[in-house]
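What follows is each chain in one-letter form.
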Amino acid sequence: MTIQLPHNSAGCSVTTPRICYEIFVRSFCDSNDDGIGDLNGITSRLDYLQDLGIEAIWLTPIQPSSTYHKYDVMDYYGIDPEYGTQDDFRRLLSGVHARGMKLYMDLVINHTSVQHPWFEQARMGANDPYRNFYWWMTPAMIDALGVKKREETADAHVIFPWHDNPGDPEKYYAMFWKGMPDLNYESEALREEIYKIVRYWLTEVGVDGFRLDAARHIYPPWLREKNIDFWEEFGQVVKAAKSDAHTVGEVWAKAKEVAPYFKGLKANFHFDLSFAIQRIIRTGKDQGLVKKEQGIIEKLREDYSIFGTHNPDFVDATMLTNHDQNRIGSVAGASINKMKLAATMLLTLPGQPYIYYGEEIGMLGVKPDQHIREPFLWTDRPDDPGRTRWIEPLYSRSGVVRSAEAQLADADSLLNHYKRLIALRKKYPALSQIRRPNLAPVAGQDKKIIAYVRTHPTEPILVIHNISGRTRRVDLGEAAAAFTKILFQTNVEKTLSLQKLMVPAYGSLVLGK
């Protein structure tokens, strides 16, 4: 394959954390030997995260809840006793800040638990002051509006979202599950309560931002056009409370639907990129979901153009998988080389990458959800200190997945691969650029090679991936003569010359000038 290189473009300084890490709190680290991950456990592992190169941590919900995942909040100001206390949280936050890192909370404001005091009051009757905090309709009203049934979406599978409240002529709307009724943002009183919560965590406690759960569902389908206005208002509240606070939205949708959310939220997760990388790893093919001839680089550049129409300084939050998706290790068929390729793609493409806990050690997992959230493996010891025991793992078990301790001692391990990549990304401005993505395609004929340039005025970087299971020869040609420095390589066999490279199966090469 002969490739032709693009011209350089201007860079942009990094103003947000470059490497983020998602922690499913229940599974990460147990400090008190009750089998459940907790805040003190995370505090005890901050040095591990700092050594990995993490700059920001996203915690899944930590507030009081009736479920193991805690996305049904019962008290927005509290800490679930299973996870610790307010003092424990403040100690964690202090440790995060002492290491120069940021901490983002999962803020679940699309819905509450049925056990939240607001809903317990609301279900008492139509005249209760909290009734308007939620959506209520009679069956006749539901039929008249034509909303008895909703279209299933990638993030919500319930199609009959109206639920009975015994003895009540009205039903309540709960899109995800009857135990999580949706909040009604037509209520000004509710909005002010939510904004008080935002101000409390940002100013009184001192968190650095929020991951916003179910952002595209904040209004129900029949009022969906109001979503964007709400998030713009929300963004102003956050900015007024803490000007540098970060917000990242879960908008599980195509680029055209995601784009307007950048008007109110600083970042949004790029689910299409996640699925594109997964598809490449699974099939060895670089092609789009809709436009079969469109490769990942072309699709990304198209998405960036769409995002930029609403906010030129958008932050593209990228990931391989998260707590709602089959783990990348299982998508890769437990192949360490494929996992390395996925990591190299994520960490050499533009955006603000999020690593889902355990991806760096190759944890495995396939739905149902509990089994994509299994305990982290700290050591191979039978009494592994810190390992949680709230669930018996089916996939990520000792003997199947190597522990963090074992991998740290192995220079060729997946964990050390992540560490090298993260250090590389942080070292070179072309790779660490987040805003105004600097990505240019590289022309070529070999469909099993993905190549691109991270442009920069003085230090552009050329990235080459072999997505196939066979060694490929890559002829860089005269146009690449300036790229003579190997910055990073995975599984690259004997190099004939920098102009004619043999890149093995699932290998990657990063070149600088």
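So, how was this worked out
- Residues numbered from 1 in each chain as written.
- Predicted model: local features only at pLDDT ≥ 70, side-chain atom pairs only at ≥ 80, totals over all residues.
- Heavy atoms only, no water.
- Helix = DSSP H or I, 4+ residues; strand = E, 2+ residues; numbered from the N terminus.
- Buried < 20%, exposed > 50% of the residue type's maximum accessible area, 1.4 Å probe, protein only.
- Contact = heavy atoms within 4.5 Å.
- Areas by Shrake-Rupley, 256 points an atom, 1.4 Å probe, with all protein chains shown as cover.
- Lys, Arg positive; Asp, Glu negative; His and termini not counted.
- Charge placed at Lys NZ, Arg CZ, Asp CG, Glu CD.
- Core = buried A, V, L, I, M, F, W, Y, C linked by side-chain atoms within 4.5 Å.
- pLDDT = per-residue confidence, 0-100.
- Salt bridge = Lys/Arg side-chain N within 4 Å of Asp/Glu carboxyl O.
- Pairing = 2+ DSSP bridges.
- Axes fitted to C-alpha atoms, helices over the stretch in contact; angles between N-to-C directions.
- Right-handed = clockwise from strand over helix to strand, strands pointing away.
- Parallel < 35°, antiparallel > 145°, perpendicular 65-115°, else oblique.
- Nonpolar A, V, L, I, M, F, W, Y, C, P; charged D, E, K, R; others polar.
- Phe/Tyr/Trp six-rings, centres within 6.5 Å; stacked < 30°, edge-to-face > 60°.
- Polar contact = N/O pair within 3.5 Å; in protein donor to acceptor, adjacent residues only side chain to side chain.

Visitor: If you had to explain the overall build of the chain to someone new, which residues and values would you point to?
Guide: The helix and strand tally for the chain stands at 16 helices and 18 strands. In terms of overall dimensions, the chain has C-alpha extents of about 80 × 50 × 40 Å along its principal axes. Considering the chain as a whole, with its 513 residues, one finds that 61% of them fall into the buried category. Within the chain, residue pairs in contact and separated by at least 24 positions form 68% of the contacts whose partners lie at least 6 positions apart. Total accessible area on the chain is roughly 19,600 Å²; 51% of this is exposed by carbon and sulfur atoms. The average position of the 62 basic charges and that of the 64 acidic charges among the side chains of the chain differ by 7 Å.

Visitor: Before we move on, could you go through the nonpolar core and cite the residues and values that matter?
Guide: The nonpolar side chains of soluble globular proteins are, as a tendency, buried together. Residues Tyr 21, Leu 59, Phe 89 and Ile 296 are the most contacted members of the largest nonpolar core, which totals 155 residues. Tallying contributions element by element places helix α7 (residues 188-205) first for this core, with nine residues. In this structure Leu 59 touches Ile 23, Val 25, Leu 39, Ile 42, Phe 89, Leu 92, Leu 103, Tyr 104, Met 105 and Asp 106, once residues within four positions along its chain are discounted. Among the nonpolar cores identified, the runner-up in size contains 14 residues, and Ile 464, Val 503, Leu 509 and Leu 511 belong to it.

Visitor: Tell me about the environment of Gly 206, and please be specific about residues and values.
Guide: Following the sequence through the fold, Gly 206 ends up in the loop between α7 and β7 (209-212). You can call Gly 206 buried: its relative accessible area is 13%. A sequence separation of 217 residues divides Gly 206 from Ala 423, and the C-alpha atoms of the two residues are 28 Å apart. With residues near it in sequence (within four places) discarded, Gly 206 still touches Leu 93, His 97, Trp 201 and Lys 242.

Visitor: Explain the confidence of the model for the chain to me, using residue names and the numbers behind them.
Guide: For the chain, mean pLDDT is 93; residues scoring 70 or higher make up 94% of the total. Between residues 7-14, whose pLDDT stays under 50, and residues either more than four places distant or in other chains, the model counts 18 contacts.

Visitor: Let's hear about the pattern of salt bridges: which residues, and what values?
Guide: Inspection of the entire model under this criterion finds 34 salt bridges. The partner of Arg 211 in a salt bridge is Asp 106, and the shortest N-O contact between them spans 3.0 Å. Residue Arg 211 is located in strand β7, and its partner Asp 106 is located in strand β3 (residues 102-107); the two are separated by 105 residues in the primary sequence. For Arg 211, a relative accessible area of 1% puts it in the buried group. Between Glu 233 and Arg 191 there is a salt bridge; the shortest N-O distance is 2.8 Å. With Glu 233 in helix α8 (residues 227-241) and Arg 191 in helix α7, this residue pair connects regions lying 42 residues apart in the sequence. Assessed through its relative accessible area of 10%, Arg 191 is described here as buried.

Visitor: Quick one: what's the story with the sheet that holds strand β13 (residues 449-454), residue by residue and with numbers?
Guide: Pairing within the open sheet is antiparallel, and its five strands lie in the order β12-β13-β14-β18-β16. With one partner strand each, in any of the chains shown, β12 (440-441) and β16 (485-490) form the two edges of the open sheet. In terms of strand pairing, β16 meets strand β18 (residues 508-512) through five bridges, oriented antiparallel. Bridging across to β18, Gln 489 finds its partner in Leu 509. Contacts from helix α13 (residues 336-348) reach β13, β14 (461-466), β16 and β18 within the one sheet, and its direction differs from that of β14 by about 155°.

Visitor: Outline the pairing of strand β8 (residues 246-249), listing residues and values.
Guide: Of the two faces of β8, the one carrying His 246 and Val 248 and the one carrying Thr 247 and Gly 249 are both buried. In the classification by handedness, the crossover that spans β7, the intervening α8 and the parallel β8 is right-handed. Two elements, β8 and strand β9 (residues 267-269), share two bridges in a ladder whose sense is parallel. Counterpart to Val 248 in the pairing with β9 is Ala 267.

Visitor: Describe the packing of helix α10 (residues 271-283) against helix α11 (residues 296-308), naming the residues involved and giving the relevant values.
Guide: Where α10 contacts α11, the axes come no closer than 11 Å and their chain directions differ by 180°. Comparing the axis directions of α10 and α11 gives the class roughly antiparallel. Across from Asp 272, Leu 273, Ala 276, Ile 277 and Ile 280 in α10, the residues of α11 making contact are Ile 296, Lys 299, Leu 300 and Asp 303. Looking at the contact of α10 with α11 residue by residue, the classes come out as six nonpolar, no polar and three charged.

Visitor: Hey, could you go over the packing of aromatic side chains for me, with residue numbers and the actual values?
Guide: In the structure shown here, the tally under the stated rule is 39 aromatic pairs. Taking the centre distance of 6.2 Å and the plane angle of 75° together, the rings of Trp 58 and Tyr 354 count as edge-to-face. Taken together, the positions of Trp 58 in strand β2 (residues 56-59) and Tyr 354 in strand β11 (residues 352-356) put the pair 296 residues apart, joining distant regions of the chain. According to the relative accessible area criterion, Trp 58 is buried, its value standing at 1%. Exposure remark for Tyr 354: the relative accessible area of 2% places this residue in the buried category. Here the aromatic rings of Phe 119 and Tyr 134 are separated by 5.0 Å at their centres, their planes lie at 80°, and the arrangement is edge-to-face.

Visitor: Give a detailed account of unusual backbone geometry, specifying residues and quantitative values.
Guide: Following Lys 367, the chain continues into Pro 368 via a peptide bond in cis, with omega recorded as 20°. Looking at the secondary structure, you find Pro 368 in the loop between β11 and α14 (404-408). Backbone geometry places Asp 33, a non-glycine residue, at a positive phi of 60°. Tracing the sequence through the fold places Asp 33 in the loop between α1 (25-28) and α2 (39-44). The backbone of Tyr 506 sits at a positive phi, close to 60°, despite the residue not being glycine. Position of Tyr 506 relative to the elements: it lies in the loop between β17 (500-503) and β18. Tyr 506 gets classed as buried once you look at its relative accessible area, which sits at 18%.

Visitor: Account for the side chain of Lys 242, naming residues and giving values.
Guide: Along the chain, the position of Lys 242 falls in the loop between α8 and β8. With relative accessibility at 18%, the residue Lys 242 sits in the buried group. At 3.3 Å, the side chain of Lys 242 forms a polar contact with the backbone oxygen of Gly 206.

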